[in-house]
Amino acid sequence: MKVKKLKTQNSKISGLSPHQPAEVKKETLREKMMKRLEAARFRQVNEELDSGCKNADPTVAFQGDPEQFKKYHEAYRKRVEHWPKNPLHVIIKWAKKKLKGDKIIADFGCGEAELAASLPNKVHSFDLFALNDRVTPCDMSQVPLQDESVHAAVFCLSLMGTDVSKFIGEANRVLQMNGVLKIAEVASRFSGNTYNNFLKRMKKFGFVAIQKGQGQQQDKKISQSQDDVFLMFEFKKIKSVKGVLGRLPALKLNPSMYKKR
């Protein structure tokens, strides 16, 4: 009995149950450390992409390495799991309700192309690297689409860098007149005067906010998640800016600010 009691005391000291192998506990601690490292890498890449420094080029931030890009998206997926709503799922629900099956969509910064996998529509999925065969790897400011060839364009947490002018300009180019632009972004990117300035300059880029509900103007209030993690915009293309894009004022957002969890 004394020997058995001693074993129990030793187990308490080590933090293990009497029947739990030490290697199981070590693996658990290792997994926790890996998750922290992944989260730290996720924040680091976002800071580099949005800081306006030399690493604002996504190819530099990911070191031209598809494996780094894959790990980033794995960390992103785990991050979004903690949010009350996944903005991509909100967009998928909207598309199923608002876009008929014959409408063509361009998904800018598609990640794993979940949007394309979830809809009957033709979805052109673009990102820096291809995580699967649904994705076309390319520069999102120069996608391989004809002018005015899609009915809707989507940016879901994919407007990299603080100056997003070239991406919005490209969306304007590929969208048909009266086409819809859907944007979901981290709320912190619109703090201060950025929100009002963004909406005003979007008009210069050929977009106006779409009415929602009983005539409520979305450029007055934009839809917001339950805890302000992200904001959702919906715009309509009213004019082409092709040929004048270089003369338009810069369209800027704040750097992403993700809270540590």
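Residues numbered from 1 in each chain as written. Predicted model: local features only at pLDDT ≥ 70, side-chain atom pairs only at ≥ 80, totals over all residues. Heavy atoms only, no water.

Colleague: Would you take a moment to explain the environment of M177 for this structure?
Modeller: Along the polypeptide, M177 turns up in strand β5 (residues 175-186). By relative accessible area, which is 39% here, M177 ends up partly exposed. M177 sits 26 residues away from H151 along the chain, and the two C-alpha atoms are 8.4 Å apart. (Helix = DSSP H or I, 4+ residues; strand = E, 2+ residues; numbered from the N terminus. Buried < 20%, exposed > 50% of the residue type's maximum accessible area, 1.4 Å probe, protein only.)

Colleague: So what exactly am I meant to see when it comes to the pattern of salt bridges here?
Modeller: As a working rule, side chains carrying opposite charge can pair if their charged atoms are close by. Counted according to the given criterion, the structure contains 6 salt bridges. Close ionic contact of D147 with R173 constitutes a salt bridge, the shortest N to O distance being 2.7 Å. Of this pair, D147 sits in the loop between β3 (135-137) and β4 (150-156) while R173 sits in helix α7 (residues 165-174), and the two are 26 residues apart along the sequence. Residue classification places D147 among the partly exposed residues on the basis of a relative accessible area of 35%. Across the pair R189 and E185 runs a salt bridge, and its minimum N-O distance is 3.5 Å. When sorted by exposure, R189 lands in the same class as E185, which is buried. Linked through salt bridges whose partners overlap, the residues forming this network are D147, E170, R173 and K242. (Salt bridge = Lys/Arg side-chain N within 4 Å of Asp/Glu carboxyl O.)

Colleague: Would you explain the side chain of E170 in this entry?
Modeller: In this structure, E170 sits in helix α7. On the basis of relative accessibility, which here comes to 8%, the residue E170 falls in the buried class. In this structure the side chain of E170 is engaged in a polar contact, spanning 2.7 Å, whose partner is the side chain of R173. When neighbours within four sequence positions are excluded, E170 is seen to be in contact with F108, M140, S141, Q142 and V143. (Polar contact = N/O pair within 3.5 Å; in protein donor to acceptor, adjacent residues only side chain to side chain. Contact = heavy atoms within 4.5 Å.)

What is shown is where atoms sit, not what they do.
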